[in-house]
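# Residue-level structural notes
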Amino acid sequence: MVQDGPGIELETSLGYLLKEVSSVLRAEMEEVLRPLGMTVTHYSCLELLAQRPGLSNSELARGTFVTRQSMNVLLQSLERDGIVTRASEPAVGKVLPTRLTPRGRRSLEKASAAVRSVEDRMLSGLSDAERSEALRILRGMAASLRQREPAS
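Here the structure is a predicted model, which is why all the values come from computation and not from measurement.

Let's shift gears to the pattern of salt bridges. Under the counting rule described, the total for this entry stands at four salt bridges. Two residues, Arg 26 and Glu 30, come together in a salt bridge whose shortest N-O distance is 3.6 Å. Taken as a pair, Arg 26 and Glu 30 lie in helix 1 (residues 14-33) at a separation of four residues, close to a single helical turn. Accessibility expressed as a relative area gives 41% for Arg 26, which makes it partly exposed. Exposure remark for Glu 30: the relative accessible area of 17% places this residue in the buried category. Across the pair Glu 133 and Arg 136 runs a salt bridge whose closest N-O atoms are separated by 2.7 Å.

Here it is as structure tokens:
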């Protein structure tokens, strides 16, 4: 259906389609993570810490797209459950670096396998070349959006 006026045609809007894919992907990830006692944010936090040990609360919040306050609540819970450790005293400034515990690494292994199965299903209709091209295009879109025009 064609829209009158300056609106966006949803059936051909890449932004709308990206949001739809993002929503479906998140729902599918939540479904496979729920039996493991995790959310997507919880999983993302563990994945970031595995790849970059010692990240701060602020860095983890940015990397998982949540507020610092939300991340602090999550980290307190993960620390209480023995999934992560944080220094009791900041090494520099106010930053308390966070690291995965062995228990956290085991939890992450299970979660990564579950999330990988969702991603594999999402990409199952694409060839290796199409997957590479999709990554290139999506990275380009993100980079374009991050480039802000100078204020006039």
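A few words on the nonpolar core. Ranked by internal contacts, the top residues of the largest apolar core, which has 23 residues, are Tyr 43, Cys 45, Leu 46, Leu 60 and Leu 78. Within the residue set of this core, elements represented by two or more residues are helix 1, helix 2 (40-51), helix 3 (57-64), helix 4 (68-80) and helix 5 (102-123). Considering each element in turn, this core owes the most residues, six residues, to helix 2. Setting aside chain neighbours within four positions, we find Leu 46 in contact with Met 38, Leu 78, Ile 83, Val 84, Leu 100, Gly 104, Ser 107 and Leu 108.

Take the packing of helix 1 against helix 5 next. Interhelical geometry of helix 1 versus helix 5 gives an angle of 145 degrees and a closest axis separation of 9 Å. At the point where helix 1 passes helix 5, the crossing takes the right-handed sense. Across from Val 21, Leu 25, Glu 28, Met 29, Val 32 and Leu 33 in helix 1, the residues of helix 5 making contact are Ala 111, Ala 114, Val 115, Val 118, Arg 121 and Met 122. Of the residues in the contact of helix 1 with helix 5, the class split is 10 nonpolar, no polar and two charged.

How each quantity is defined
- Residues numbered from 1 in each chain as written.
- Predicted model: local features only at pLDDT ≥ 70, side-chain atom pairs only at ≥ 80, totals over all residues.
- Heavy atoms only, no water.
- Salt bridge = Lys/Arg side-chain N within 4 Å of Asp/Glu carboxyl O.
- Helix = DSSP H or I, 4+ residues; strand = E, 2+ residues; numbered from the N terminus.
- Buried < 20%, exposed > 50% of the residue type's maximum accessible area, 1.4 Å probe, protein only.
- Core = buried A, V, L, I, M, F, W, Y, C linked by side-chain atoms within 4.5 Å.
- Contact = heavy atoms within 4.5 Å.
- Axes fitted to C-alpha atoms, helices over the stretch in contact; angles between N-to-C directions.
- Left-handed = near helix turned anticlockwise from the far one by under 90°.
- Nonpolar A, V, L, I, M, F, W, Y, C, P; charged D, E, K, R; others polar.

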